[in-house]
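Spelled out from the first residue to the last, the chains are:
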Amino acid sequence: MPNIIRLEGISRSFALPDGSHYDALRAIKLSINAGEIVGLIGRSGAGKSTLLRTINLLERPDAGTVQVNSQELTSLSARQLRSAREQIGMIFQHYNLLHNLNVYDNVAFPLRLHQRLNAPRLAARVRECLEIVGLSDRAESYPAQLSGGQKQRVSIARALASRPEVLLCDEPTSALDADTTRSILATLRNINTTLGVTIVMVSHELAVLGQLCHRVVVMEDGRIAEQFDPADTATARQTALGRELAFYRSEAGLAGSWKGEQHA
Ligand SMILES: Nc1ncnc2c1ncn2[C@@H]1O[C@H](COP(=O)(O)OP(=O)(O)OP(=O)(O)O)[C@@H](O)[C@H]1O
Ligand SMILES: [Mg+2]
């Protein structure tokens, strides 16, 4: 199975005000298969967001290589990197929408920036993305007129606009209630299965990770402490975390393992 993401020897340290350094990522090695949904969990400060932001080079590592779709991102020019980033969408806890633009223009924003589509094709693409997230009827609304769940749907539509192969999600449901979280997760699962988009998601919610992920990676002090498949009950049962993830997975009615799905 081809790796769509391959991180090798990733280290990142931050300078502290007292002149010392803090090692946020320590020699991380992580490979992710095309079509996989991978969750990152760990204590606050473990390095989850820093690692996620390394995948699109929002965070440039001090050492190591970042391969996405066989391209080594750290060696690209600024222009090449901009183009490579069109394959990598990102969504955040607080949506990061432009408040003075309506829903349509928020989704169109990255497309206008890259100027790859003519006007009719751009309009068709925006409509298509709004349809995927179920917001076709809200194109004229402004972010302030939307619920949190709807705002996150707009940000997902915007992230999909350039037809990315990878979607990075940093705590996408942390600000949402349980029902809204479930419906956002259903949308993300649908994007994964119908569009084949690979998803990497940071979350501290075991229910979210158990329901969505094929693999959960546990981070501790800038390192990968352990990782497992929530559906692989033999390994999952050995730890409390694994047992809880497996419980949420079965509760969501997701039988079988990722490997099973792949061979199906
Ligand atoms: N730009 C920065 N400057 C200095 N220190 C930083 C910077 N970004 C992150 N750090 C530090 O690196 C460590 C890892 O941060 P990171 O945001 O990746 O953690 P996290 O696992 O996402 O935590 P949380 O669950 O709270 O979001 C933290 O100690 C943080 O303070
Ligand atoms: Mg974080």
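Scroll up to find the structure.
Residues numbered from 1 in each chain as written. Chains lettered and ligands numbered in written order. Predicted model: local features only at pLDDT ≥ 70, side-chain atom pairs only at ≥ 80, totals over all residues. Heavy atoms only, no water.

1. A closer look at the overall build of the protein
Scanning the protein for helices and strands turns up 10 helices and 10 strands. Relative to a compact globule of 264 residues, whose C-alpha radius of gyration would be 18 Å, the protein shows 18 Å and is just as compact. For the protein, buried positions account for 48% of its 264 residues. In the protein, 66% of the contacts between residues at least 6 apart in sequence involve partners at least 24 apart. Of the roughly 12,400 Å² that the protein leaves accessible, carbon and sulfur atoms contribute 48%. (Helix = DSSP H or I, 4+ residues; strand = E, 2+ residues; numbered from the N terminus. Rg over C-alpha atoms; globule rule 2.2 N^0.38 Å. Buried < 20%, exposed > 50% of the residue type's maximum accessible area, 1.4 Å probe, protein only. Contact = heavy atoms within 4.5 Å. Areas by Shrake-Rupley, 256 points an atom, 1.4 Å probe, with all protein chains shown as cover.)

2. Some points on the packing of aromatic side chains
Here the structure, examined in full by the defined rule, presents one aromatic pair. Each ring, one from Phe247 and one from Tyr248, has its centre 5.2 Å from the other, and the planes form 65°; the classification is edge-to-face. Residue Phe247 is classed as partly exposed on the basis of its relative accessible area, which comes to 46%. (Phe/Tyr/Trp six-rings, centres within 6.5 Å; stacked < 30°, edge-to-face > 60°.)

3. Some points on the environment of Thr50
Positionally, Thr50 belongs in helix α1 (residues 48-55). For Thr50, a relative accessible area of 13% translates into the label buried. Between the alpha carbons of Thr50 and Ala24 there is a distance of 7.4 Å; along the sequence they are 26 residues apart. Look past the residues within four positions of Thr50 in its chain and what remains in contact with it is Arg12, Phe14, Ala24, Leu25 and Glu59.

4. Re the site of ligand 1
All residues adjacent to ligand 1 are Phe14, Tyr22, Ala24, Arg43, Ser44, Gly45, Ala46, Gly47, Lys48, Ser49, Thr50 and Glu171. Here Gly47 contributes a backbone N or O atom positioned 3.0 Å from an oxygen atom of ligand 1. When the free accessible area of ligand 1 is taken as 640 Å², the share hidden by the protein chains comes to 60%. If you list the elements that add at least two residues to the shell around ligand 1, you get β2 (21-33) and α1. Ranked by residue count, the leading element in the shell around ligand 1 is α1, at three residues. In terms of residue class, the shell around ligand 1 is built from four nonpolar, five polar and three charged. (Near = heavy atom within 4 Å. Polar contact = N/O pair within 3.5 Å; in protein donor to acceptor, adjacent residues only side chain to side chain. Nonpolar A, V, L, I, M, F, W, Y, C, P; charged D, E, K, R; others polar.)

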